[in-house]
Amino acid sequence: LAQPGDASAGPVCHMTLDAARVAYLLDPVKLVSEVGYPAPAVRERLEEESNMTLTRISCEQVQDGGLSVFTVLCVPGGFAPHLSTRLGESGAAAIRRWVHEGGGFVGVCAGAFLGCFLDLIPVTVRDLDHMGASPSPCLVRFTATGQQLLGASADAAVTRYANGPVFAMPESNVELSLVSSSNRQNNAAPDAQVHTLAVYASSCRPAAVEMEGSPAIVAGMHGRGLVILVSPHLEDGADERTRSPFRNLFRLAHAAGGTYRVDHQTACYV
């Protein structure tokens, strides 16, 4: 996944992939009402530090089939109800259909909430009672799967938390192959397979809320497309321990819907 110029760490395959064409779906309300929205970090990570293209798309364009020319949809921070309201059922159905046919979905913070609302993978959100706290630094630690697929370090890394979802995994979840040739041939994947790519190594919620040790980044297949939900703002990390894995999330989502598959014996694309 690592590309020329990246400072990726950890065991990861170095294989050149076609550049991801990323659609950028922003909060339509914040876009006109909040000065400085969106923050530049996502664009810096994807365009300035890699060979990916990031193109803004509106909810109306999504409704009209505008995702067809892209390989990955990025929904960044904002307020998920603004997006779900503007998308409506036709926009929501367009995203589900496009992902099912092989598009990659990467939702960050509010975008992760939207992915849950759209039922793209079977994770739910818990502890909605403690939303609204000020953003704060947090620690994340990548799992063995996250280290292999994203080139991430095993050490805890600092990033920013801004009220992203606290995920609840499916009770019957069994983590098997994240992307397999059989899933692609069958045009589907077992609904219960959700993978944890990183966990929180600190807590930003009240002591009664079990946040530390809970999933921070989860991933699973929706039809032929890979869905990645990121609770913290990984793009805002201070160094390559979060920045490089953030870029690789998009390469993973891009490749999963194409002609590649993940070989979990070697964590390589073949």
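Whatever comes next refers back to the structure up there.
**Let's talk about the pattern of salt bridges**
So, point 1. Under the defined criterion, the tally for this structure stands at 10 salt bridges.
So, point 2. Between glutamate 34 and lysine 30 there is a salt bridge whose closest N-O contact spans 2.9 Å.
So, point 3. With a closest N to O distance of 2.6 Å, glutamate 49 and arginine 247 form a salt bridge. Placement of the pair is glutamate 49 in the loop between helix 2 (41–48) and strand 2 (53–57) and arginine 247 in helix 8 (residues 240–256), with a sequence separation of 198 residues.
So, point 4. Judged by its relative accessible area of 25%, glutamate 49 is partly exposed.
So, point 5. Residues joined by salt bridges that share partners form a network here, namely Glu44, Arg45, Glu49, Glu240 and Arg247.

**Details of the sheet that holds strand 1 (residues 21–25)**
Pairing between the strands of a sheet comes from backbone hydrogen bonds, and it takes one of two forms, parallel or antiparallel.
So, point 1. Judged by pairing direction, the sheet is mixed, and its nine strands sit side by side in the order 2-1-3-4-11-10-9-6-7 without closing on themselves. For this open sheet the edge positions go to strand 2 and strand 7 (157–161), each flanked by a neighbour on one side alone. Strand-to-strand twist across the sheet, computed as the mean angle between neighbouring axes with direction ignored, equals 25 degrees.
So, point 2. The sheet contact formed by strand 3 (residues 72–75) and strand 4 (residues 104–108) spans four bridges and is parallel.

**Some details on the environment of valine 125**
So, point 1. Secondary-structure assignment places valine 125 in strand 5 (residues 124–126).
So, point 2. Among the residues examined, valine 125 registers a relative accessible area of 23% and is labelled partly exposed.
So, point 3. Taking C-alpha positions, valine 125 is 4.9 Å from phenylalanine 167, a pair spaced 42 residues apart along the chain.
So, point 4. If we skip the residues at most four places from it in the chain, valine 125 touches Phe113, Cys116, Pro165 and Val166.

**Focus on the nonpolar core**
So, point 1. Residues Ile217, Ile228, Leu249 and Phe250 are the most contacted members of the largest nonpolar core, which totals 41 residues.
So, point 2. Considering every element that reaches this core, the biggest residue donor is helix 8, with six residues.
So, point 3. Excluding residues within four positions of it along the chain, isoleucine 217 makes contact with Phe142, His195, Thr196, Leu197, Ala198, Ile228, Leu229, Val230, Leu234 and Leu249.
So, point 4. Ranked by size, the runner-up nonpolar core spans 29 residues in total, among them Ala112, Val123, Phe167 and Val194.

**Structural notes on the packing of helix 2 against helix 8**
So, point 1. Direction vectors running N to C along helix 2 and helix 8 enclose 70 degrees, while the axes themselves pass 10 Å from each other. If you check the angle between helix 2 and helix 8, you find them roughly perpendicular. In contact with Val42, Arg45 and Leu46 of helix 2, helix 8 contributes Arg243, Phe246, Arg247 and Phe250.
So, point 2. Here the residues of the contact of helix 2 with helix 8 sort into four nonpolar, no polar and three charged.

**Brief notes about the packing of helix 4 (residues 80–100) against helix 5 (residues 110–117)**
Between two packed helices, what matters for the description is the angle formed by their axes and the separation of those axes.
So, point 1. Helix 5 packs onto helix 4 with a crossing angle of 50 degrees between their chain directions and a minimal axis gap of 8 Å. If you check the angle between helix 4 and helix 5, you find them oblique. As for how helix 4 packs across helix 5, the hand of that crossing is right-handed. Taken together, the residues of helix 5 that come into contact with helix 4 (itself represented by Ala80, Leu83, Ser84 and Leu87) are Ala110, Phe113, Leu114 and Phe117.
So, point 2. Among the residues forming the contact of helix 4 with helix 5, the class breakdown is seven nonpolar, one polar and no charged.

Cut-offs used in this document
- Residues numbered from 1 in each chain as written.
- Predicted model: local features only at pLDDT ≥ 70, side-chain atom pairs only at ≥ 80, totals over all residues.
- Heavy atoms only, no water.
- Salt bridge = Lys/Arg side-chain N within 4 Å of Asp/Glu carboxyl O.
- Helix = DSSP H or I, 4+ residues; strand = E, 2+ residues; numbered from the N terminus.
- Buried < 20%, exposed > 50% of the residue type's maximum accessible area, 1.4 Å probe, protein only.
- Pairing = 2+ DSSP bridges.
- Axes fitted to C-alpha atoms, helices over the stretch in contact; angles between N-to-C directions.
- Contact = heavy atoms within 4.5 Å.
- Core = buried A, V, L, I, M, F, W, Y, C linked by side-chain atoms within 4.5 Å.
- Parallel < 35°, antiparallel > 145°, perpendicular 65-115°, else oblique.
- Nonpolar A, V, L, I, M, F, W, Y, C, P; charged D, E, K, R; others polar.
- Left-handed = near helix turned anticlockwise from the far one by under 90°.

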